[in-house]
Structures are given as C-alpha cells and as structure tokens.
Amino acid sequence: METELVVDWLKVVWGRRRGGLRKRRNMLVLDAFRGHLTEPVKKQVKAMNGDLVIIPGGMTSQLQVLDVVVNKPFKDHLDQGSFKRYTEWLLAGNHALTPSGKIQKPAVHRLCEWILQAWADVSPESIVNGFKKCCISNAIDGSEDDVMWEEAEPGDAQPENVSDESDDSESGPSDAEDAAQ
C-alpha cells in the first residue's frame, strides 16, 4: 500500500460508503502507516469533508476497532468453524481426485461460504461495543468515557494481544507525531 493506492481507496471505497456521495462530514480512523500520512491522502480526506484521525504507533491493539473486538473472534470462528466444516466436507466423500489420486482441495466458493459463516458469527453488538471501547462513538455527555477501561464480561470478545504490525516506529517520534506537528 502506498500513497496512490490509499488515495484510490478513498475515492473508490470510502467515497461510496453510505453518506459518502453527499459528502457528509465524516471521520476516518487509520493507523500510523506512512502511506496514510502523506499530503495527497490528507488533501483527499479533506476534499471528502473528512477528518483524518491517526492512531499512534503501538496503540492499534487498544484503539482500532478491528484489533480490539473483531479480528480475534473472526479468526477464532474461522479456525474452529473451518476445521469443523472441512472435516464434514472431507467425511462427506464423493470428491474429485487429482491425477495422482489425492482428493482435490475444496472449491473456492465453498471456502468463501466458510469465511462468510465465520463473519456471520461475529455479532453486530460486539462491533458496536468495540467502537465504544475505542472511544470512537461514545456519548457526547461523557457518560461512556470509562468504557475503554472496563473489563470484558465473560463471553465478550477479548482484545487481540498481538504486536502492532503497522508500528514502524523506532526510537524517536512516530510518523503520526511528526504529522501532528
């Protein structure tokens, strides 16, 4: 991903979301990847009546909704569900064979069905709660400001404790800190 691709994504994807064509005021939250911090990207977001919010390096596991409440449950459902579905598919028999006599891989459409099912297993409520936990869509009166620090209830999605893949920081200020100055 580089600047040109980010600008293209803004035009083709972000600009066509609900409300995008009417240029309603919006907020786009991105990580501190260098390609997100360039002048062409900032200009495009501004031209689309948007505010660009950059998550500082090392903070996406706490402030980015996908990392906080979506990725881990999705991956868990995908891993567990796909293994179960693959086993059921394998046991169902009547599979096409390769020239060497091995069972052919499942068809792409079947793999897509398994992925769609894993996504369907991620509840919309967990996504809404993720926006609150990341303090992106909390009540304006401040009544939900402490949600970020609350412990998850049993059965709720847990934050994904992985290193921040987009953290390009070395010692010294991050790109996000440079951009903010």
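The structure we're discussing is the one just above.
Worth saying up front: this structure is predicted, and the values here are computed from it rather than measured.

### Comments concerning the overall build of the chain
Now for step 1: Helices and strands together make up the secondary structure of the chain, namely seven helices and two strands.
Now for step 2: Taken from N to C terminus, the helices and strands of the chain fall in the order α-β-α-β-α-α-α-α-α.
Now for step 3: Classification of the 181 residues of the chain by burial places 28% in the buried group.
Now for step 4: Counting only contacts in the chain whose residues sit at least 6 apart along the sequence, the fraction spanning at least 24 positions is 63%.
Now for step 5: On the chain, roughly 12500 Å² of surface is accessible, and the fraction owed to carbon and sulfur atoms is 55%.

### Some remarks on the packing of helix H1 (residues 3–12) against helix H2 (residues 39–47)
To describe two helices that pack against each other, one gives the angle between their axes and the distance between the axes.
Now for step 1: Running from N to C, H1 and H2 point in directions that differ by 10 degrees, and their axes come no closer than 9 Å. By the criterion of interaxial angle, the relationship of H1 to H2 is roughly parallel. Two secondary-structure elements touch here, H1 through Thr3, Val6, Val7, Leu10 and Lys11 and H2 through Pro40, Val41, Gln44 and Val45.
Now for step 2: Looking at the contact of H1 with H2 residue by residue, the class counts come to six nonpolar, two polar and one charged.

### Let's talk about the nonpolar core
Now for step 1: Counting nine residues, the largest nonpolar core is built from Val6, Val7, Leu10, Trp14, Leu28, Leu30, Val41, Val45 and Met48.
Now for step 2: Of all the secondary structure elements, the ones that give two or more residues to this core are H1, strand E1 (26–31) and H2.
Now for step 3: No other element matches the three residues that H1 contributes to this core.
Now for step 4: In contact with Val41, other than residues within four places in its own chain, are Thr3, Val6, Val7, Leu10, Gly35, His36 and Leu52.

### Here's the deal with the environment of Thr38
Now for step 1: Summarising the element assignment, Thr38 is placed in the loop between E1 and H2.
Now for step 2: C-alpha separation for the pair Thr38 and Glu2, spaced 36 residues apart in sequence, amounts to 9.5 Å.
Now for step 3: There is a polar contact of 3.3 Å between the side chain of Thr38 and the side chain of Thr3.

### Structural notes on unusual backbone geometry
Now for step 1: For Asn49, which is not a glycine, the phi torsion comes out positive at approximately 60 degrees.
Now for step 2: With respect to the helices and strands, Asn49 occurs in the loop between H2 and strand E2 (50–55).
Now for step 3: Its identity is not glycine, yet Asn94 carries a phi of approximately 55 degrees, on the positive side.
Now for step 4: Tracing the chain through its elements places Asn94 in the loop between helix H4 (65–92) and helix H5 (108–120).
Now for step 5: Here Asn94 falls in the exposed class, since its relative accessible area comes to 83%.

Calculation notes
Residues numbered from 1 in each chain as written. Predicted model: local features only at pLDDT ≥ 70, side-chain atom pairs only at ≥ 80, totals over all residues. Heavy atoms only, no water. Helix = DSSP H or I, 4+ residues; strand = E, 2+ residues; numbered from the N terminus. Buried < 20%, exposed > 50% of the residue type's maximum accessible area, 1.4 Å probe, protein only. Contact = heavy atoms within 4.5 Å. Areas by Shrake-Rupley, 256 points an atom, 1.4 Å probe, with all protein chains shown as cover. Axes fitted to C-alpha atoms, helices over the stretch in contact; angles between N-to-C directions. Parallel < 35°, antiparallel > 145°, perpendicular 65-115°, else oblique. Nonpolar A, V, L, I, M, F, W, Y, C, P; charged D, E, K, R; others polar. Core = buried A, V, L, I, M, F, W, Y, C linked by side-chain atoms within 4.5 Å. Polar contact = N/O pair within 3.5 Å; in protein donor to acceptor, adjacent residues only side chain to side chain.

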